[in-house]
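Structure at a glance
Chain by chain, the residues:
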Amino acid sequence: MELKEKFLQTFKTLEERRQQWETTYKEVYEYCMPQRQLFDEPNKGAKNNNAQLVVDSTAVNGTQKFVSNIQNVLVPPMKKWARLKPGLFLQEEGDSDLSKKLETIEDTLFKCLHASYYDQAVAESLYDLAAGTGALLIRPGTLKQPLFVESVPISQLYIATGADGAVDTVFRKLRMQYRNLITTWPDAKIPAEMKEQYADKPMQECEVIEGMFPEEITIQYRVEGKLRTEKAMGFKYCIVTTKGHHLLVEREEEFLPWVVFRWSVISGEWYGRGPLLYALPDIKTLNKSIQSDLTAAAMTCQPPLLVGDDGIMSLENMKLEPSIALPVHWDMGGPKIKYLDPPPYSNQNRIIVEELRKNINEMLFTDPLGPIDAPVKTATEQTIRQQEYANRSGSSFGRLFRELVAKSIDVSLKTLEKVMYPDGTPLVDLSGLRVNGLELDVQSLSPLATLQEEEEILNLMRYARHMMEIKGPEMLDTVLNTAGYARKIAQHLNLPEGVVPTEEQSEQIQQNMLGLAQQQLASPEAMGQQ
């Protein structure tokens, strides 16, 4: 099978699989993010009516708070939210120079991420995560903007997972101006037919399919100055037009530049299920309840009019709406125009509405520390609430750490190796090391990770306090290695290297202090006092 045929067949399979999710995702966007509903292409000049279904803003506001909370606890803007450290294999070697090199790479990495609008792109993708699946595309840039980070909406995304459950096939269908094709893909081979078609209208849009899928590729590397070539599993990268099926780009890539992350996944499914999907029944019920409330309020303020009519009332043409005139057979005295008495207002619907809003906010983690107008809580109460928040969201955050945090670091480092200084040296040189947990590992520095470390710190402090009560301050050193205790606390607090003395430095400090004490005892003043 030719490459183009295999590419189109793969896309057809992904498209059929995603059609099962379109109705579900579309409904989530209509009720919770109406302005971001991109599954339906609007006609030119047509009014955007996506927000017509929404009569209550609880889900809309809750989604915005969800995005802000997730970003602040996982990848806080303009901060260093992860740390590189030696993996299992390199920890055994104990190379101290490697830690210094990794710290330098860290600084370069986060400077590049912040200069490449990563914070803005991940915030946009977190809206899609609220529905179930978010995606980032990270491409090499320039020295001024080392990384091009793009948030890809779920309406353009087509994915598949491999045997290990990780996403290994990513396609997207997008429309872009013809003049941007060469700018985005300099190696694109534009056929003469397309050049002729868009010669006089370069700003006209054309639709293309961009995709990557696993395939055996040829890689080259040097060993002791000799160039070697071998086959290895990598990815085929292609771009095909939807009209005419012209193959514009064909490449072989060693890694997948996509970061696709999901909130929760059921076994066998490719796409994720977000908190909005679980909250959708309550959101639709709340929306309907508010509609009923508004109709009841309008009927109370402007009740229908009863108008006397000598004819026969037509039930087929009668509508019960505010301010409408209902013709009735009048056999009463007095004026022949009268307001219809509205039914008594029940507070039960308001109770249901408040309960639904509470459930929706809990599912979206909008107030992890409780309402703002609640009484001021002590530090202990806040810590307990934070730990409860971490326990409730622990499973989802574990997946997000692997698919978003660690994957972003891995893809960004591999991409920065392709960005060159003018002298030809890469912006980041990993010397063949990869972020896989065995060679290099990622440690989260986010507020949520720090919160999870607090329990370990409390246990250490509790032990020191009990030993001090039992042995006394003078004998504490017999049951507590204070230097190792300090290093363990620093490790749980994610303090940078060099803040706490190493084991060798601690021994040298103790020897210096012992020598200084001996000198003071041997001084003439001390001898005279004796």
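Description of the structure in this document. Note that this is a predicted model, so its numbers are computed, not measured.

Concerning the overall build of the protein
- The helix and strand tally for the protein stands at 15 helices and 13 strands.
- The buried share of the protein, taken over its 530 residues, is 38%.
- In the protein, of all internal contacts separated by at least 6 residues, the share reaching a separation of at least 24 is 67%.
- With the model as given, the accessible surface of the protein reaches about 30,800 Å², and the carbon-plus-sulfur share is 52%.

A look at helix α8 (residues 275-301)
- The terminal C-alpha atoms of α8 lie 38 Å apart, and with 27 residues this matches the ideal 39 Å at 1.5 Å per residue to within 8%.
- Approximately 45° is the largest bend angle found in α8, and it occurs at Pro281.

Details of the pairing of strand β1 (residues 82-86)
- The buried fraction of β1 is high, at four of five residues.
- Bridge count between β1 and strand β13 (residues 440-444): five bridges; the pairing is antiparallel. Looking at β13, one finds that Ala82 is bridged to Ser444.

Some details on the packing of α8 against helix α9 (residues 348-363)
- Put simply, α8 and α9 touch, their axes get as near as 9 Å, and they point 155° apart. Here α8 is positioned roughly antiparallel relative to α9, judged by the angle of their axes. When the axes of α8 and α9 are compared, the crossing they make is left-handed. Two secondary-structure elements touch here, α8 through Pro275, Tyr278, Ala279, Asp282, Ile283, Thr285, Leu286, Ser289, Ile290 and Asp293 and α9 through Asn349, Arg350, Val353, Leu356, Arg357, Asn359, Ile360 and Met363.

Description of the packing of helix α2 (residues 58-74) against helix α5 (residues 118-131)
- α5 packs onto α2 with a crossing angle of 125° between their chain directions and a minimal axis gap of 9 Å. If you check the angle between α2 and α5, you find them oblique. Note that α2 runs across α5; the crossing there is right-handed. Residue-level inspection shows Thr63, Gln64, Phe66, Val67, Ile70 and Gln71 of α2 in contact with α5, the latter providing Asp119, Val122, Ala123, Leu126, Tyr127 and Ala130.
- Each residue belonging to the contact of α2 with α5 can be placed in one class, and the counts come to eight nonpolar, three polar and one charged.

Let's talk about the sheet that holds strand β3 (residues 147-151)
- Across the sheet, which stays open at both edges, the three strands sit in the order β3-β2-β9 with antiparallel pairing between neighbours. Looking at strand neighbours, the two that pair on one side only are β3 and β9 (258-262), the edges of this open sheet. Between one strand axis and the next, the sheet turns by 20° as a mean value, whatever way the strands run.
- Pairing analysis gives five bridges linking strand β2 (residues 133-140) to β9, with the strands arranged antiparallel. When the bridges of β9 are listed, Leu137 appears paired with Trp258.
- Lying over the sheet, α5 contacts β2, β3 and β9, oriented at roughly 155° with respect to β2.

Some points on the pattern of salt bridges
- In total, this model carries 23 salt bridges according to the counting rule given.
- Close ionic contact of Glu124 with Arg36 constitutes a salt bridge, the shortest N to O distance being 2.9 Å. With a gap of 88 residues between them, Glu124 in helix α5 and Arg36 in the loop between α1 (3-32) and α2 connect regions that are remote in the sequence.
- As a salt-bridge pair, Arg357 and Glu354 come within 3.5 Å of each other at their nearest N and O atoms. On the criterion of helical spacing, the pair formed by Arg357 and Glu354 is a turn pair, its members being three residues apart in helix α9.

Focus on the side chain of Ser125
- Here Ser125 shows up in helix α5.
- Contact partners of Ser125, with chain neighbours within four places excluded, come to Gly134, Ala135, Leu136, Ser151 and Phe261.

About the cut-offs
Residues numbered from 1 in each chain as written. Predicted model: local features only at pLDDT ≥ 70, side-chain atom pairs only at ≥ 80, totals over all residues. Heavy atoms only, no water. Helix = DSSP H or I, 4+ residues; strand = E, 2+ residues; numbered from the N terminus. Buried < 20%, exposed > 50% of the residue type's maximum accessible area, 1.4 Å probe, protein only. Contact = heavy atoms within 4.5 Å. Areas by Shrake-Rupley, 256 points an atom, 1.4 Å probe, with all protein chains shown as cover. Expected span 1.5 Å × (residues − 1). Bend = angle between axes of the 7 residues up to and from the residue. Pairing = 2+ DSSP bridges. Axes fitted to C-alpha atoms, helices over the stretch in contact; angles between N-to-C directions. Parallel < 35°, antiparallel > 145°, perpendicular 65-115°, else oblique. Left-handed = near helix turned anticlockwise from the far one by under 90°. Nonpolar A, V, L, I, M, F, W, Y, C, P; charged D, E, K, R; others polar. Salt bridge = Lys/Arg side-chain N within 4 Å of Asp/Glu carboxyl O.

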